[in-house]
Amino acid sequence: MRFADLILPVPIPRTFTYEIPFELEGRLMPGHRVIVEFGKSKILTAIVSDIHNSIPKYETKTILDILDEKPIITPLQLKFFFWVADYYMSNIGDVLNAAIPSGLKLSSESKIQLHQNFDFESNTFTFTERETLILNQLKTKEDLSYNEIQKLLGIKAIHKIIKSLINKEAVQIFESLKDKYKPKFEKRIRLTSHYMDVETNLEELFDQLEKTPKQLQVVLSYLQKVPIFKDSDLNNEGVPRKEILNLKDISTSSLNTLIKKKVFEQFEVQVDRVRKYIKKTKDFQLSPAQEIAKEQILNVFSQNKTCLLHGVTGSGKTEIYINLIQEAIQNESQTLLILPEIALTAQIVNRLKDIFGEKLGVYHSKYNDHERVEIWRKVLEEEYSVIIGVRSAIFLPFTNLNLIIVDECHDSSYKQFDPPPRYNGADSAIVLAKLHHSKILLGSATPSVEQYYNVQIGNYGLATLQERYSDGKLPEMTFINMKDCRNKKKVTGEYSNELIGALKLNLQNNQQSLLFQNKRGYSPYLACDECNYIPMCNSCDVNLVYYKHSNSLKCNYCGYMENIPHTCPNCGSNRIKLVGYGTEKIEEDLKLMLPEARIERLDQDSTKNKYNHEKIIQSFENGNIDILIGTQMISKGLDFDNVSLVGVLDADRILYNPDFRANERAFQLFTQLRGRAGRKSVHGQFYIQCFNENHHVFDLLKSDDYMSMYYNELKERQKFDYPPFYRLVKVMVKDRDKNISRSASIFLYNELRNLLGSKRAIGYFEPLISRVRNMYIHEITIKLERNGLNMSSIKNKIKSTEGNLYKQREFSRVRISYDVDPI
Ligand code: ADP
Ligand code: ZN
Ligand code: ZN
């Protein structure tokens, strides 16, 4: 076994074969992390995907170093990563990048330390003076980052160092990379037993230390932290050394002297990087309707099928999840619960932490590198038995997964668009379950048409909950016709008097309200009153969004920012006005209209910090906020007892979307929003401000008729060859030159039409936003029948047309990417 196939974190659609050095033979296994040279100038961390004897056709490099004792990626994970890459037509390296925390990868920030066995004299290499200098620096353990060393020495010298070490005995120099994967330790101090056990000894100590007040101070400070010195448990835990040293008037030397004198002893404990939850007992009983639904679920599970739990909002789906997870834990297996939105994890964690305590792990992108690495390790070592996370949690190293729950399974946030892989976490979870022979439950009040179709044709089993828990009623709906309101002058700006009145009344009754607006920022855009000029992004085909708090214009696609112009850049007029309104503007307006209300905002901008979303949700839950304004973040799954009013501003904006899923989406969003009110004893109200009250979706909503929506949509989809009857693949062609982008897409379209037939290749289009970051985009849509096609071979054929395109010199810089099952 002399060769290893490696997954490298680069956007190239294949693995790479490297030679296994003699010292590593027999030690290396699939799932190990290794260090390799890539190209002429890079050192990368790679994952071993296979080990074999077949000599590759090209010249191979040798693996430089191994990073872990045990593999950190399981064989099932490798299978899953390759499935994601294949199905979503993306590079295995991109999947790796999405899957593993960057803390497990070598980055330019990684610190390099020289292994302690490194020894100049016995080395076969001769180093230059400069190299020796740097090596000495490394030897004294001064932290240098990979980047810094590369700058100082150049890549060649680093290779030389690594190779010289490898030649000796495969010693590892990437100590610090491994460190990230190791548990974290903390230095603590405690009184030695001599002073603990006998009180008089401690009194003697005080006398002794009278002449050294600094040392006395240390002991006194310690005893303040551990007041009951007789309680040996408290003393055994000690106090973090850092904590003592951070106190006023404490010197390191006096502490060290006391340790030398055996007054204190120093020890190390393993500490958690991530928060640990504490278990409380909490009992609840499923209602009769919930018991029936649970029976249905177990019945579907026993047939080894995916189960869809279709339950109205507030029917207690989450309680059923909890019940199932509890049973799974008793069987000592792992459960994964995925959610579409970080904001939602906060609340469910609150409900679950009391029940599952330190067995519960949480995984999402707001955690930093170290924390994510630690969670990875704890999943691998089965320290956690329940993991709650967003879509990327499907990539964790489960070894004993027996139940997957996908909450709000219809939600489009499960789909990742940028960066690739463009995977759907909810759909992929089904494949993950198959690989693990795990049960899987999808839950939603508004399943996607595709998901429900799978029930209809018998692929999935169904469980239902048709009533809210404990006789709760769905909120009453009130449509407010903004045209009428304007005519009758019953508005203030964008707000109908009726809605403001209802908010006021709710406030007087000490009840809470949610207000939904799809747009964040202050005002969607700025426009000149004279010439209609609208400031646009230079690199994308979108207008810049106005942000009041920073008084700037920002592109929501590429992040570009500029100051607001005082005069129109086009005509020089100073009559520049704000048009439209986003969440930030609503917050400000409402604060003026309802000065007595406590108002907060929950959107992407207000939750940049790690725990902000938790804080806002907690504060709302505690009743410290009266009105919470937000984007789609507030529409999903949140469970508040005291919310009796949900309002939607600008509802028409949700209805009109140039997308075949527009109606389905709107129905889902309105149903979910309505579902946030009146969940407990309070009766709920749902207000919709709109211009077109007669829209078809509103009729369906009024009768709360999911099935009609489903059948209507199904008819349309069949007529126009859309999912679930057809599978879609979007081919995206990008270039800096608009003409090249267009002609490349025409070329590719012709290739695809010849290959698949003209019914299956549809194109080419300029998408709604046809330029992002200065790349011009054209698209081709491929429609493939749901049945009777070998998808994997068709996808390979589709990819092979790229080769023909790149043979044309003018297209050599065109970028092609794919979106499988686009949303
Ligand atoms: P869903 O997830 O279907 O929207 P939830 O599980 O959040 O519904 O339930 C709605 C509310 O009713 C929650 O506050 C929940 O605590 C409460 N609830 C549901 N089922 C029960 C039960 N069996 N016992 C006690 N409370 C329940
Ligand atoms: Zn102008
Ligand atoms: Zn931009």
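Because the structure is a prediction, the values reported are computed rather than measured.

Considering the coordination of the zinc ion (ligand 2)
Right, on to step 1. Distances from the zinc ion (ligand 2) to its protein donors, Cys528 (SG), Cys531 (SG), Cys568 (SG) and Cys571 (SG), fall within 2.3 to 2.4 Å.
Right, on to step 2. Metal-centred angles of 106 to 113 degrees between the four donor atoms at the zinc ion (ligand 2) mark the site as tetrahedral.
Right, on to step 3. If you list the donors of the zinc ion (ligand 2) from N- to C-terminus, the spacing comes out as C-x2-C-x36-C-x2-C.
Right, on to step 4. Residue cysteine 568 is classed as buried on the basis of its relative accessible area, which comes to 3%.

Notes on the coordination of the zinc ion (ligand 3)
Right, on to step 1. For the zinc ion (ligand 3), the protein coordination sphere consists of Cys537 (SG), Cys540 (SG), Cys555 (SG) and Cys558 (SG), at 2.3 to 2.4 Å.
Right, on to step 2. In this structure, the zinc ion (ligand 3) is coordinated by four donor atoms arranged in tetrahedral fashion, with angles at the metal of 106 to 114 degrees.
Right, on to step 3. Coordination of the zinc ion (ligand 3) draws on donor residues from a single chain, spaced C-x2-C-x14-C-x2-C in sequence.
Right, on to step 4. Of the residues examined, cysteine 537 reaches a relative accessible area of 4% and is grouped as buried.
Right, on to step 5. The exposure class assigned to cysteine 540 is buried, which follows from its relative accessible area of 0%.

Brief notes about the sheet that holds strand β1 (residues 3-7)
Right, on to step 1. Strand order in the open sheet formed by five strands is β2-β1-β4-β3-β5, and the pairing between neighbours is antiparallel. Where the open sheet ends on each side, the last strands, each with one partner, are β2 (16-19) and β5 (65-66).
Right, on to step 2. Relative to β2, β1 runs antiparallel, the two sharing four bridges. The residue bridging phenylalanine 3 from the neighbouring strand is glutamate 19, located in β2.
Right, on to step 3. Of the strands in this sheet, β1 and β4 (42-52) touch helix α1 (residues 75-87), which is tilted by about 110 degrees from β4.

Things to note about the UniProt feature "binding site: Zn(2+) 2" (unreviewed entry) in the chain
Right, on to step 1. Cross-referencing UniProt, the feature "binding site: Zn(2+) 2" (unreviewed entry) maps to Cys537, Cys540, Cys555 and Cys558 in the present numbering. Their sequence span is 22 residues, while the largest C-alpha to C-alpha distance among them is just 8.7 Å; these annotated residues converge on one region.
Right, on to step 2. Positionally, cysteine 537 belongs in the loop between β22 (525-528) and β23 (545-547).
Right, on to step 3. Discounting residues that sit within four places of it in the chain, cysteine 537 has contacts with Val542, Leu544, Cys555, Cys558, Tyr560 and Arg771.
Right, on to step 4. Along the chain, cysteine 555 falls in the loop between β24 (552-554) and β25 (561-563).
Right, on to step 5. If sequence neighbours within four positions are ignored, cysteine 555 has contacts with Cys537, Cys540, Val542, Leu544 and Tyr560.

Calculation notes
Residues numbered from 1 in each chain as written. Chains lettered and ligands numbered in written order. Predicted model: local features only at pLDDT ≥ 70, side-chain atom pairs only at ≥ 80, totals over all residues. Heavy atoms only, no water. Donors = N, O, S within 2.8 Å, 3.2 Å for Na, K, Ca; no water. Tetrahedral: all angles 85-135°; square planar, octahedral: opposite > 155°, others 65-115°. Buried < 20%, exposed > 50% of the residue type's maximum accessible area, 1.4 Å probe, protein only. Pairing = 2+ DSSP bridges. Helix = DSSP H or I, 4+ residues; strand = E, 2+ residues; numbered from the N terminus. Contact = heavy atoms within 4.5 Å. Axes fitted to C-alpha atoms, helices over the stretch in contact; angles between N-to-C directions. UniProt positions renumbered as here; feature names shortened; annotations may be inferred.

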